[in-house]
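# Breakdown of the fold
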Amino acid sequence: QVQLVESGGALVQAGGSLRLSCVASGLTFSTYGMAWFRQAPGKEREFVAGIRWNGARTYYGDSVKGRFTISRDNAKNTVYLQMNSLKPEDTAVYFCAADSSGYLNSWKAPDMDYWGQGTQVTVSS
């Protein structure tokens, strides 16, 4: 049974930082592309960042470029999202997702194979 478990969400002031973690089990983590999405109330799920199976390439949504960094540790079956210079508009539930192709050729939510349950990030102004 595949499980993706996110953690690290919190309430933080604007300008602050957070690091999210997602621990995977039940899959061969080192072969999967991993991504972070977010969803704010009343909005569609949005691609935030992605990383290929070997970490060779990373991808970012336009709204987070230069502020967020995705990384992975295949020895720990974990993907991270370092979020700096947080803004109130970053407030959302953040989800970890896994892509069995490994290459994240698609950044669309329906193309992800597995999802975590989400972790809440709230940025106060």
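The sections below set out a description of the structure shown in this document. (Residues numbered from 1 in each chain as written. Predicted model: local features only at pLDDT ≥ 70, side-chain atom pairs only at ≥ 80, totals over all residues. Heavy atoms only, no water.)

### What about the nonpolar core?
Ranked by internal contacts, the top residues of the largest apolar core, which has 29 residues, are M34, W36, V79, L81, M83 and Y94. Contributing elements (two or more residues each) for this core: β3 (18–25), β4 (33–39), β5 (46–51), β7 (68–73), β8 (78–83), β9 (92–99) and β11 (119–124). Y59, A97, L104 and M112 belong to the second-largest nonpolar core, a separate cluster that totals seven residues. (Core = buried A, V, L, I, M, F, W, Y, C linked by side-chain atoms within 4.5 Å. Buried < 20%, exposed > 50% of the residue type's maximum accessible area, 1.4 Å probe, protein only. Helix = DSSP H or I, 4+ residues; strand = E, 2+ residues; numbered from the N terminus.)

### A word on the environment of G118
Relative to the assigned elements, G118 resides in the loop between β10 (114–115) and β11. When the C-alpha positions of G118 and L86 are compared, they lie 18 Å apart, and in sequence the two are 32 residues distant. For G118, the residues in contact, after removing those within four places along its chain, are E6, V93, Y94 and F95. (Contact = heavy atoms within 4.5 Å.)

### Overview of the pattern of salt bridges
Applying the stated rule across the entire model yields four salt bridges. Residue R38 is joined to D90 by a salt bridge in which the shortest nitrogen-to-oxygen separation is 2.9 Å. Of the two residues, R38 sits in strand β4 while D90 sits in the loop between β8 and β9, which places them 52 residues apart along the sequence. Given a relative accessible area of 6%, R38 falls into the buried group. (Salt bridge = Lys/Arg side-chain N within 4 Å of Asp/Glu carboxyl O.)

### Describing the state of the cysteines
Note on terminology: a disulfide is the covalent bond linking the sulfur atoms of two cysteines. Taken as a whole and assessed by the stated rule, the structure comprises one disulfide. One disulfide in the model links C22 with C96; its S-S distance is 2.1 Å. Between C22 and C96, the S-S torsion sits near -75°, and that sign places the bridge as left-handed. Separated by 74 residues along the polypeptide, C22 in strand β3 and C96 in strand β9 bring together distant segments of the chain. (Disulfide = S-S within 2.5 Å.)

### Focus on the sheet that holds β3
Spatially, the four strands line up as an open sheet ordered β1-β3-β8-β7, and their pairing is antiparallel. Lying at the two open borders of the sheet, with one neighbouring strand each, are β1 (3–7) and β7. Averaged over all pairs of adjacent strands, the angle between strand axes in this sheet comes to 15°, irrespective of strand direction. Bridging between β7 and β8 involves six bridges; their strand directions are antiparallel. Each residue of the ladder has a partner; that of S71, found in β8, is Y80. (Pairing = 2+ DSSP bridges. Axes fitted to C-alpha atoms, helices over the stretch in contact; angles between N-to-C directions.)

### Description of the environment of W53
Structurally, W53 is set in the loop between β5 and β6 (58–60). Residue class for W53 comes out partly exposed when judged on its relative accessible area of 32%. Linking W53 and G102, residues 49 residues apart in sequence, is a C-alpha distance of 4.9 Å. Those residues within four positions of W53 in sequence are excluded, and the remaining contacts are S30, T31, Y32, G33, R72, N74, G102 and Y103.

### Looking at the side chain of D90
Under the relative-accessibility criterion, D90 is labelled buried at 0%. A distance of 2.8 Å separates a polar atom in the side chain of D90 from the backbone nitrogen of K87. Beyond its immediate chain neighbours, meaning those up to four positions away, D90 contacts R38, R67, F68, S85, V121 and V123. (Polar contact = N/O pair within 3.5 Å; in protein donor to acceptor, adjacent residues only side chain to side chain.)

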